[in-house]
Amino acid sequence: MCIRLFFSFLLIANVAWCQQKDAPYVLLISFDGFRYDYVEKYDAPNFKTFIAKGASTEGLIPSFPSKTGPNHYTLITGLYPGHHGLVDNWFYDPDMKKQYTMSDRNSVRDSSFYKGVPLWQLAQQQGIKTASLFWLGSEASICGQLPTYTLPYKKSMPDMDRVNQVVAWLSLPEKDRPHFITAYFSLVDTEGHDFGPESERTKDVVLKADSLVGVLMKSLDKLKLPINVVIVSDHGMVALKQEAATYIVLEDLLDLTDTSMVYVNDGTQAHFYTKNIEEVYEELKKKENHFKVYKRNQLPTQWCYDNPRVGDVLMVADPGHYIRVTKFHPPQTNSHPSVFGTHGFDPALVPQMNGIFYAQGPAIKSGIKIEAIQNIHVYPFIAKLLGLKMGDVDGELRFLAPALR
């Protein structure tokens, strides 16, 4: 009996090894907050070379809301935020009676917040080793597994160390080497928020990201592996004025001390969870100015956003405005920037929310330009590159199929 089990184990291990050995390589890189026009706007040479050698789209349209958490998880699951459950960077789950925020390690690692099948799990289910460097969701045991290799998020990790970690994973012995890797870089988003997308600081950091691409591609060339590299971003960025007229103040609109209501404000959206739906809705509706208010059953269908985590009532800032809980007080120093950058708006109304999609590798055509696509379509494209069978998702391969050899 023991001998039979031993040989069965060897057979299973051998099948998995054959699947792993024959699998292509895909590296998915995200530069958070990298707007669709930054490469041309700031003349980024390594990005331009990468684009010329591969395929690109006119833009990558984020799902609503155009926030970091929802869209990174959309990219890795092929589902709209309303379907995969991460409806904002910060929200409340009324069934679990828990809040989720990306800054809270416990909620980030709680698999009950995540739906869908991330690409790293899809790959592992089909015998392929994976690795993830800081991609949202990679620290939670979704579908009962973590990626084969993963690291807990550490914002202070230098960008070059992140590049080196990717190269180190690809330099492992063949039997241990991941064939699907995700990597996340936050530098462009950080400066875009602090100084706005038109600032010299943002230009400098875009060119720093460009240099990272140059170093990475040279390092990958030395490995002599057939690696398909896909570069994306979760959203773009738009400048808002740092002045009182920009802000919508919640404490001026509702009694926030009402303990029967839970509210979560995330800047471009505020979510209200209450049994007094009509009362809260009517109170906001009669004061509607620089924002729109919706009951959950009234949400625009194109958002695919109907989920209890969105709230019973949703408040959405108009483009050019931002929601605060308390009044804005002007900075006391003249050195403070007069603008700041933000995102989260409906990309159908604010095209500056669009991000990037660039791809290059042995399975990808050169010099192909495709019109702007929704980011739900990246998942089936990568699944195809990896030769994976996938279940139903919101995305479709046909939008990026012209980029495939």
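Q: Where do I start with the pairing of strand 10 (residues 238-241) in this structure?
A: Consecutive side chains of a regular strand alternate in pointing toward one face of the sheet and then the other. Where burial is concerned, the two faces of strand 10 differ: the one with Val238 and Leu240 is buried and the one with Ala239 and Lys241 is not. Bridging between strand 10 and strand 17 (residues 339-342) involves four bridges; their strand directions are antiparallel. Residue Val238 lies in a different strand from strand 17, and its bridge partner there is Thr342.

Q: Explanation requested: the packing of helix 3 (residues 45-53) against helix 10 (residues 200-223) in the structure shown.
A: Two quantities define a packed helix pair, namely the angle between the helix axes and the distance between the axes. It is the contact of helix 3 with helix 10, at a shortest axis distance of 7 Å, that shows an interaxial angle of 50°. With respect to their mutual orientation, helix 3 and helix 10 come out oblique. On helix 10, the residues touching Pro45, Asn46, Phe47 and Phe50 of helix 3 are Val206, Ala209, Asp210, Ser211, Val213, Gly214 and Met217. Counted by class, the contact of helix 3 with helix 10 contains seven nonpolar, three polar and one charged residues.

Q: What am I meant to see in the sheet that holds strand 12 (residues 262-265) here?
A: Each strand in a sheet pairs with another by means of backbone hydrogen bonds, the pair being arranged parallel or else antiparallel. Judged by pairing direction, the sheet is antiparallel, and its four strands sit side by side in the order 12-13-15-14 without closing on themselves. Two strands close off the open sheet at either side, each with one partner strand: strand 12 and strand 14 (291-295). Strand after strand, the sheet turns through a mean of 15° between neighbouring axes, direction not considered. Across the sheet, helix 11 (residues 277-285) is in contact with strand 13 (269-273), strand 14 and strand 15 (313-317); its angle to strand 14 comes to roughly 165°.

Q: How should I be thinking about the nonpolar core in this particular structure?
A: Nonpolar side chains in soluble globular proteins tend to end up buried together. Membership of the largest hydrophobic core comes to 54 residues, with the highest contact counts inside it found for Tyr114, Phe180, Phe357, Phe381 and Ile382. Only strand 1 (25-31), helix 4 (68-77), strand 4 (90-93), helix 7 (119-125), strand 9 (227-232), strand 15, strand 18 (357-360) and helix 12 (378-386) provide two or more residues apiece to this core. Counting residues per element, this core draws most heavily on helix 12, at seven residues. Residues within four places of Phe381 in sequence aside, it is in contact with Val230, Phe357, Ala359, Ile364, Leu397, Leu400, Ala403 and Leu404. Membership of the second largest hydrophobic core comes to 41 residues, among which are Leu27, Tyr42, Val205 and Ile227.

Q: Help me understand the pattern of salt bridges, please; the structure alone is not making it clear to me.
A: For side chains of opposite charge, pairing can occur when their charged atoms come near one another. All chains considered together, the criterion is met by 23 salt bridges. For the salt bridge of Arg309 with Asp93, the shortest nitrogen-to-oxygen distance reads 2.6 Å. Highlighted residues: Arg309 in the loop between strand 14 and strand 15 and Asp93 in strand 4, separated in sequence by 216 residues. For the residue pair Arg309 and Asp93, the accessibility class agrees, reading buried in each case. Arg109 is the partner of Glu139 in a salt bridge, and the nearest nitrogen-oxygen pair spans 3.0 Å. Of the two residues, Glu139 sits in the loop between strand 6 (130-133) and strand 7 (149-151) while Arg109 sits in the loop between helix 6 (105-108) and helix 7, which places them 30 residues apart along the sequence.

Rules used in this analysis
Along each chain, residues carry numbers from 1 onward, in the same order as the chain's sequence is written. Only residues with pLDDT of at least 70 get local features here, since the model is predicted, and only at 80 or more are side-chain atom pairs given and counted; chain-wide, interface and lining totals rely on the full set of residues. With hydrogens and water set aside, each side-chain value is computed from the structure's full complement of heavy atoms. Any residue under 20% of the maximum accessible area for its type is buried, any over 50% is exposed, and the rest in between are partly exposed; the area is computed with a 1.4 Å probe on protein chains only. In DSSP terms, a helix is any run of H or I states spanning at least four residues, a strand is any run of E spanning at least two, and both are numbered starting from the N terminus. When DSSP finds two or more bridges between two strands, those strands count as paired. Angles shown run from 0 to 180 degrees and are taken between the N-to-C directions of axes, each axis being a line fitted to C-alpha atoms and, for helices, limited to the stretch in contact. Each angle gets one of four labels, with under 35 degrees taken as roughly parallel, over 145 as roughly antiparallel, 65 to 115 as roughly perpendicular, and the rest as oblique. We call two residues in contact when some of their heavy atoms are within 4.5 Å. Any residue outside Ala, Val, Leu, Ile, Met, Phe, Trp, Tyr, Cys, Pro, Asp, Glu, Lys and Arg is labelled polar, Gly included; the first ten of those are nonpolar and the last four are charged. Residue types Ala, Val, Leu, Ile, Met, Phe, Trp, Tyr and Cys, when buried and joined through side-chain atoms within 4.5 Å, form a set referred to as a nonpolar core. Throughout this description, the term salt bridge denotes a Lys or Arg side-chain nitrogen within 4 Å of a carboxyl oxygen of Asp or Glu.

No statement about biological role is implied by the geometric values presented.
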